[in-house]
Each structure stands twice: as C-alpha cells, then as structure tokens.
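Spelled out, the chains give:
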Amino acid sequence: MKQSFRLTLGCGLALLLTSGCRREMYEQPKDKPQSASDFFPDGAGSRPLVSNTIARGHLNQDEQFYTGKKGTNLIENIPIPVTRQLLERGRERYDIFCSVCHARTGDGNGMIPQRGFPQPNTFHRDSLRQAPAGHFYDVITHGHGVMYSYAQRVEPEDRWAITAYIRALQLSHDATLAEVPPSERARLEGGRP
Amino acid sequence: MPQIFRRRSNSVARASILGVVLLLGVGGWTLDAIWWSPHVTRVNVPIEQPVPFSHEHHYTGLGIDCRYCHTSVEKSSTAGIPPTYTCMTCHSQLYTDAPLLEPVRRSLITDTPLRWNKVNSVPDFVYFNHSIHVNKGIGCSTCHGPVNKMPLTWKANTLYMKWCLECHRNPAQFIRPREEVFNMGWLPPADQLAKGGELVEQYHVNTRQLTDCSMCHR
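Rules used in this analysis
- Residues numbered from 1 in each chain as written.
- Chains lettered and ligands numbered in written order.
- Predicted model: local features only at pLDDT ≥ 70, side-chain atom pairs only at ≥ 80, totals over all residues.
- Heavy atoms only, no water.
- Domains from an automatic or database assignment.
- Contact = heavy atoms within 4.5 Å.
- Buried area = accessible area lost by both parts, 1.4 Å probe.
- Salt bridge = Lys/Arg side-chain N within 4 Å of Asp/Glu carboxyl O.
- Polar contact = N/O pair within 3.5 Å; in protein donor to acceptor, adjacent residues only side chain to side chain.
- Helix = DSSP H or I, 4+ residues; strand = E, 2+ residues; numbered from the N terminus.
- Nonpolar A, V, L, I, M, F, W, Y, C, P; charged D, E, K, R; others polar.
- Buried < 20%, exposed > 50% of the residue type's maximum accessible area, 1.4 Å probe, protein only.
- Axes fitted to C-alpha atoms, helices over the stretch in contact; angles between N-to-C directions.
- Left-handed = near helix turned anticlockwise from the far one by under 90°.

**Q** Would you take a moment to explain the domain arrangement of chain B for this structure?
**A** Interfaces are often sized by the amount of accessible area the parts lose when they come together. If you check the domain split of chain B, you get domain 1 (9-35) and domain 2 (54-59 + 72-80 + 119-218). Domain 1 of chain B and domain 2 of chain B are separated by 41 Å when their C-alpha centres are compared.

Laid out in structure tokens, this is it:
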C-alpha cells in the first residue's frame, strides 16, 4: 500500500516535469513567407529562384501571350478573347495599379503626377490610339521612361485585361451622345443638372 | 493548561477568510486587467519601423488601393509586404532627397530588403489565409481596423483565438459585399445581420465547419 502511494506520488511529480513554459508551438523552427531566418546567410526565409531553372507552371511557351511580341514585332491585337468579364477585371486592375498616375479617365493626371511625378502621356492621343496592343503589354511588363516595371505586381493575363480596358477608355473618351445606346442615354441625360 | 487561542482569534479567523477572498478577487481582477491591457496584447501600440511609413498618407491622402502594395492578398495566404522596388516606383521621383527615405534608397541600391517589424502576427500553429477571407467578403478593416487613419501602423485587435471565434461562430455580423472588401471607409448597414446572413448564403460560407479545430490548426 505504502509502495503504491509512493509510486503514484513519484509519477505525479514526474508529470509536473513534462509541463513547462516554453513556446515551441508558438515559435516553431520553420520559415513563413517573408520571415527572417538565421539558417540562410542572407537572413531571408523566402528564397530567390535558382538561376537557370523554371518554376512549375511558368514555362510561358506562348510567346505572344507572355511577351506581347511576335519575334521582335509588337502584336497588333489582344491574344485572348475580349469578354465583358475581361474588361471588368481590366477596370479593377487599372484602377488599382494604373490610375494613381494615369487617372481613371486615362488622361494622365492622376494623384501621383499631381504631387510632382512627371505626368505620363494621355491615352487619348493619336500615337497611343494607333499603338498596337502589344505596346501596352510591353510597357506594363518592362516599364517605360520613369515608369517602373509592373511585371512583379500584375500577372500576364491581367496585363491583357488592362490593355483591353485602356482600349475601352480610348473608345469611350470621344464617343458622342448619339453612339450611346438609347437605354443608357436616358440615364445620362437624366443625370444632367 | 492555558487556551492556545484567545477569544479574539475568532474575529481574526473570519477577517482572514474575507481577506483571502478579497485578495484572490482583486489579484484575479488585476491579472485580468494586465492580460487584456495594451502592454500584453500590443493593441493600439504603434510599432517602431525602419521607415515611418504612413498608411494614412498613402491610402487616404493619395487614394492608393491596398492591393497596389499588398499584391498577393487575393490569391495567397499572406497579403505580402511590398519589395523596395514598389516603394521606389514613386519615390525614384518624389522626395528623392528626404532623409527619412534614405533606408529605402539604400535598400534598392544594395539589393537588401528592408526589415519591417511585424505588426500583426499569429502563433505558428495557426494557419491563417488572407485570400479566403477577402474572397468571402471579410474586409481589411474588419481585422486591421482603421488602417486608413494610421500615421504609424498598430494592431487593432488582439488576434487571440477568442477574437477569431467571435466571427467564426457567426460571420453574418461582419461579412460585407465583395466589392467593399478594400473600402476602408465601409460601415455596416443598420440591418447588417440580415444582409450578412444573405451574403453568407450567397458566398457559400460553410458555417458548420467554421469552428472545426482543423479550420485553423493542422
């Protein structure tokens, strides 16, 4: 009897040893995206791509879709079907990434140029109206003048969506009232002061 | 043999019982107050950063969308802290001499990332995913608070499990239309619970699974 009591007490005390205040579950020896790491010499948990390799799903064989060019020539038309959905997506992405400089209307008078950034060209000048679709894709991908590349921020398909939306902005900019469908026209006219 | 206890001992005993109860009460209350205070939760405490970045200026002042910098928030578990290249998209031309921005310029020149200090973090056993939240109508401000009014960034909520569960038990209280997710000024309508209930249905939020342990812990 006395022995079993001792055994129980011993086990109970041993159990206490297993509990602790360490935070190993809180701070596990793993790296989360963008976390610091003391394992790699540069201190970054996220690793750069290994040179001369292609990440899974990024073979990007479709030259026209991924470069906006055929050989060295910019392609004339958007290489994917332009649907209403693509245009809506283009508007959303344009408003996020482009409108800060190019303005929601495309005239180039966005908030950032208003604060002193060199003002970009309006999309409504002839040279840009006649520019091939590949030009816009190429500029988004590689930048242009003081404009940095947006390749890391805007996916290839979204670049085409933005291109399509720029075309829509160009088309609608100089449209006359007569070109507006009757149903929409009433709404426009009703909106007059 | 004399009595060990005097008559007075009865009162002392009663008083000490009361004392212990009071001590436990006050002690418990104090511990609780400390536990939920900003000293422990870090809520509403601006975090020191290598560059005093202002969300208020960039979002409210300039009208830059959250996703301009936090590009992966719609498709990844993490919203993404922007690379220095994103900052320099504008700051290669604006405030080019500002001493405050020296660490940013140096970061680009030396190709060394800025080391921002994390404001919101969850323990490593929590598998939080931004994309599922924003795609199901949970707005930035629901968790991050009025970031559009933060000159320096602070945490707006404890991110304790208790807090997560407030929404996971009944998301209709907080869910909003998808197109309002990135609108920091959005306010819930008067009939939020009814509208929220409809959105929960519409976005196929499976409320029966939301409180499963394995939803967040793996």
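**Q** What is the right way to read the interface of chain A and chain B from this model?
**A** Contacts between the two partners involve 28 residues from chain A and, on the opposite side, 29 residues from chain B. Each partner contributes to the roughly 2,600 Å² buried at the junction of chain A and chain B, and carbon and sulfur atoms together form 57% of this total. Area buried by chain A at its contact with chain B is led by A:Ile96, A:Tyr148 and A:Arg153, which between them contribute 25% of it. Taken together, the links from chain A to chain B amount to 4 salt bridges. With a closest N to O distance of 3.8 Å, A:Glu92 and B:Arg67 form a salt bridge. Where chain A touches chain B, the interface holds 12 residue pairs in polar contact (both at pLDDT 80 or more). Those elements giving two or more residues to the side of chain A that touches chain B turn out to be α3 (84-102) and α4 (111-114) of chain A. Classifying every residue of the side of chain A that touches chain B gives 14 nonpolar, 5 polar and 9 charged.

**Q** Explanation requested: the side chain of B:Asn148 in the structure shown.
**A** Mapped onto the secondary structure, B:Asn148 falls in the loop between α8 (140-144) and α9 (161-168). When neighbours within four sequence positions are excluded, B:Asn148 is seen to be in contact with B:Glu56, B:Tyr59, B:Thr60 and B:Met184.

**Q** Explanation requested: α9(B) in the structure shown.
**A** A turn of α-helix holds 3.6 residues, and therefore any two residues three or four places apart point the same way. All of the buried residues along α9(B) are B:Trp163, B:Leu165, B:Cys167 and B:His168. In this structure, the buried residues of α9(B) make contact with α7 (130-135), α8 and α11 (213-216) of chain B.

**Q** Whenever I open this one, the packing of helix α5 (residues 84-91) of chain B against helix α6 (residues 102-110) of chain B confuses me. Can you help?
**A** Packed helices, taken two at a time, are described by their axes: the angle between them and the distance between them. Residue and element names in this part refer to chain B. As a packed pair, α5 and α6 sit with axes 10 Å apart at the nearest point and diverge in direction by 115 degrees. The crossing of α5 and α6 is left-handed. Each of Thr 84, Tyr 85, Cys 87 and Met 88 in α5 lies in contact with α6, whose residues at this interface are Val 104, Arg 105, Ser 107 and Leu 108. Taken together, the residues of the contact of α5 with α6 break down into 5 nonpolar, 2 polar and 1 charged.

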